[in-house]
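Residue strings, one per chain:
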Amino acid sequence: IGLAVAGCLAFPTRPPGGASDSPAAAAVVRAGGSAALLAASLAVLYALLAPPLSGPDEPYHLLGYADLTRDVPLAEDAVAWMAETHLWRIRYNPEERFRTIDVGQPFVVPDPQLRPTEVAQRSAVLARLERAVAPLLRGLPAPRVLLALRLLNTLLFALAVGVATALAVALLEVKGFRREDF
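Being a predicted model, the structure only gives us computed values, none of them experimental.

Enquirer: Lay out a nonpolar patch on the surface in plain terms, naming residues and giving numbers.
Expert: Together, Leu42, Leu45, Leu48, Leu49, Leu147 and Leu151 line one region of the surface with nonpolar side chains, adding up to about 580 Å² of accessible area. Sorting the residues of the nonpolar patch by element identifies helix 2 (25-49) and helix 8 (142-171) as the ones contributing at least two each. Inspection of the secondary structure puts Leu151 in helix 8. On the accessibility criterion, Leu151 (36% relative accessible area) is partly exposed.

As structure tokens, then:
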């Protein structure tokens, strides 16, 4: 909530620029920073509130990270966590829920899809970034690694939105700006 409020309060409400036709550097930075704060607020909410392993391919991305970083204990922990959370039972049955009686009763079925995603083939940049943070995450249990990776993705998303907004504002033609145009 704090990130969202800060982003809203900092977001420029007037056309950037002044005497010249191009926006001032401060306006560009302010627009980019406030958009990044707004994006980060939404992404942090998702990272913290969405149930773990709830994305259809999230478990496989976690296994992909373990494979990329050669973290065999993490891969084993992730598969065990999938069984403990009854992932295979709940995934394809929307009316199913995790129940009190499921605690301590892992649910395992053969999963032909159970293989790590190819992180390096999807994104060389993400693969390098994940390799860079791997020493910080090594030895942590799968739930903590998943949260850390979600927060890392939050940071990347916020930076991308901030840079895109700053670029858009920097390229905005102020000359001839009329409220009716928007």
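After that view, the rundown keeps rolling.
Enquirer: Got a sec to walk through helix 4 (residues 72-84)? Specific residues and values, please.
Expert: Along its 13 residues, helix 4 runs 18 Å from first to last C-alpha, staying within 8% of the 18 Å computed at 1.5 Å per residue. Taken together, the buried positions of helix 4 are occupied by Leu74, Ala78, Trp81, Met82 and Ala83. Contacts from the buried residues of helix 4 go to helix 3 (58-68), helix 5 (87-91) and helix 8. One or two residues past the end of helix 4 sits His86, with phi positive at roughly 60°.

Enquirer: Now, about the side chain of Thr154: what can you tell me, with residues and values included?
Expert: You can see Thr154 is positioned in helix 8. Given the relative accessible area of 7%, Thr154 is considered buried. Those residues in contact with Thr154, other than ones at most four positions away along the chain, are Ala40, Ala43, Val44 and Ala47.

Calculation rules
- Residues numbered from 1 in each chain as written.
- Predicted model: local features only at pLDDT ≥ 70, side-chain atom pairs only at ≥ 80, totals over all residues.
- Heavy atoms only, no water.
- Patch = residues over 30% accessible without salt bridge, like charges linked within 9 Å, V, L, I, M, F, W, Y side chains within 5 Å.
- Areas by Shrake-Rupley, 256 points an atom, 1.4 Å probe, with all protein chains shown as cover.
- Salt bridge = Lys/Arg side-chain N within 4 Å of Asp/Glu carboxyl O.
- Helix = DSSP H or I, 4+ residues; strand = E, 2+ residues; numbered from the N terminus.
- Buried < 20%, exposed > 50% of the residue type's maximum accessible area, 1.4 Å probe, protein only.
- Expected span 1.5 Å × (residues − 1).
- Contact = heavy atoms within 4.5 Å.

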